[in-house]
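Letter by letter, the chains look like this.
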Amino acid sequence: MESIYWVLTWACHRRCRHCYEDRFRPYLRADLEAVVAEAERNAPLVLGNLPKRMTYRDPGGPDLPEKMGRVIISGGEALLEAVRERVTYPVIEGLVARYRDTGGVKVVLQTTGDLLTPAIVREVAQRGVWMISVAGIDDFHVGMEGEAKRPPSRRRSRQ
Ligand code: SF4
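For every chain, the first residue of the written sequence is number 1, and numbering continues from 1 onward in sequence order. This being a predicted model, a pLDDT of at least 70 is required before a residue's local features are given, and a value of 80 or more before pairs of side-chain atoms are given or counted; all residues contribute to the totals for chains, interfaces and linings. No hydrogens and no water enter the side-chain calculation; it runs on all heavy atoms of the structure.

**Q** Explanation requested: the site of the ligand in the structure shown.
**A** C12, R14, C16, C19 and T112 are the nearest of the 9 residues found near the ligand. Residues are grouped as follows: Ala, Val, Leu, Ile, Met, Phe, Trp, Tyr, Cys and Pro are nonpolar; Asp, Glu, Lys and Arg are charged; all remaining types, including Gly, are polar. Taken together, the residues that form the shell around the ligand break down as 4 nonpolar, 4 polar and 1 charged. One heavy atom within 4 Å of a molecule or strand makes the whole residue count as near it.

**Q** It is not clear to me how unusual backbone geometry should be interpreted in this structure. Could you clarify?
**A** Cis geometry marks the peptide bond from G75 to G76, where omega comes out at 20°. The numbering of helices and of strands both runs from the N terminus, where a helix is a DSSP run of H or I of at least 4 residues and a strand a run of E of at least 2. With respect to the helices and strands, G76 occurs in the loop between β4 (70–74) and α2 (81–98). Notably, R29 is not glycine yet its phi reads approximately 40°, a positive angle. Type-normalised accessible area, obtained with a 1.4 Å probe on protein chains alone, sets the label of each residue: buried when under 20%, exposed when over 50%, and partly exposed for intermediate values. Relative accessible area serves as the criterion here: at 71%, R29 is assigned to the exposed category.

**Q** Honestly, the packing of α2 against helix α3 (residues 118–127) in this entry has me stumped. Any pointers?
**A** Comment: axis = line fitted to C-alpha atoms, over the contacting stretch for helices; angle = value between 0 and 180 degrees taken between N-to-C directions. Interaxial distance between α2 and α3 falls to 9 Å at its minimum, and their mutual angle equals 30°. Within the contact between the two elements, α2 uses R84, Y89, I92, E93 and V96 and α3 uses I120, E123, V124 and R127. We call two residues in contact when some of their heavy atoms are within 4.5 Å.

**Q** Help me out: how do you make sense of the sheet that holds strand β1 (residues 3–7) in this one?
**A** Here the rule is simple: two strands pair whenever DSSP picks up at least two bridges between them. Across the sheet, 4 strands lie side by side as β1-β4-β5-β6; this open sheet has parallel pairing. Looking at the sheet topology across the chains shown, the edges are occupied by β1 and β6 (129–134). Averaged over all adjacent pairs, the angle separating strand axes in this sheet is 20°, with direction ignored. For strand β5 (residues 106–111) and β6, the ladder comprises 5 bridges, and the chain directions are parallel. Considered in β6, the bridge of V107 is made with V129.

Shown next as structure tokens:
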């Protein structure tokens, strides 16, 4: 298996017009707890049903070397405060442990990037994330159009 894309949670802090799934949206209070609890319950079930190995060979024959496949974990927004410690971190740890003795796996964390901090980068790297894929910095994401996608210190003056 070369690649699996795993949606961890419906919860997202944005409401992008182009989003392909209505359930990716902000949730509050009891509704947020319900979607996080659902993700928390489902994560071990999904983990237990993933392939036994996450390796693959390029087309061309059985003599080619095996390569390490990847699992891309995403949301919604997997780094939301309510989701991160209860769902995302245990999933990262579970993936690394599951494939430790069977050829490994590259865990890719896909995020809007809005909530990334140096501490969170360290925390996910320590847990074994291979790549952080920042997918939300473009004109199609609500609140990130035009100059808004630049850090405040790098925005051009409007005058
Ligand atoms: S950030 Fe992604 S998941 Fe969230 S609303 Fe926008 S497109 Fe959908």
